[in-house]
Amino acid sequence: MKTVRQLLQGKGYEVASIGPDKPVYDAMQLMAAKNIGALLVLEAGKLIGIITERDYSRKAHLLDKSVRDILVKEIMTSQVAYVSPDYTAEDCMALVTEMRVRHLPVLENDQVIGIISIGDLVKDAISDREFVIHQLERYIYGIR
């Protein structure tokens, strides 16, 4: 299994983020534009939360305000599960399953360097399985 560092090298280090005092409307617009389901919430470069489509769908209507008047900090998740670049994809799969989350920020020396999604982990698992199947087929048919 690959490490998170290897996964990031393959997918890239781009992280979409937003500030806590921005309107939720801006967060939803940014997620839609980037075709993603979560934004890290950063303040002065530090991770302070995450806002997901799930946060919006479950929390925003409870505030009884317009989406343009709700601030990110009002509905974001502040207790964020995160990983280091040395975690394995298997470690991450266990964590997303246990914590019931879909996104894991990657921190190194308290700095965000990337984000891993459940989709990234599934893609890696499928790739590993395909490689093993290919190798077994080569062995069975005597292909060198």
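Our subject is the structure listed above.
Residues numbered from 1 in each chain as written. Predicted model: local features only at pLDDT ≥ 70, side-chain atom pairs only at ≥ 80, totals over all residues. Heavy atoms only, no water.

A. Spotlight on the pairing of strand β2 (residues 38-43). Where strand β1 (residues 17-18) lies against β2, two bridges are found, and the strand directions are parallel. What sits directly across from S17, in β2, is L40. Taken together, β1, helix α2 (residues 24-34) and β2 constitute a β-α-β crossover, and its handedness is right-handed. Here β2 folds back onto strand β3 (residues 46-52) in antiparallel fashion, the turn holding two residues, of which A44 has a positive phi close to 55°. (Pairing = 2+ DSSP bridges. Helix = DSSP H or I, 4+ residues; strand = E, 2+ residues; numbered from the N terminus. Right-handed = clockwise from strand over helix to strand, strands pointing away.)

B. Highlighting α2. Buried residues of α2: V24, A27, M28 and M31, and no others. Down the axis of α2, the buried set is contained in an arc of 95°. They therefore lie on one face. Following α2 by one or two positions, N35 adopts a phi angle in the positive range, close to 55°. (Buried < 20%, exposed > 50% of the residue type's maximum accessible area, 1.4 Å probe, protein only. Arc of directions from axis to C-beta.)

C. Examining the pattern of salt bridges more closely. Counting across every chain of the model gives eight salt bridges. The residue K11 makes a salt bridge to D120 at a minimum N-O spacing of 2.8 Å. Of the two residues, K11 is situated in helix α1 (residues 4-11) and D120 in helix α6 (residues 118-140); the sequence distance between them amounts to 109 residues. Taking the relative accessible area as the measure of exposure, D120 reaches 19% and is therefore buried. With a shortest N-O distance of 2.8 Å, K65 and E74 are connected by a salt bridge. Within this structure, R5, D86 and E108 form a network of salt bridges that share partners. (Salt bridge = Lys/Arg side-chain N within 4 Å of Asp/Glu carboxyl O.)

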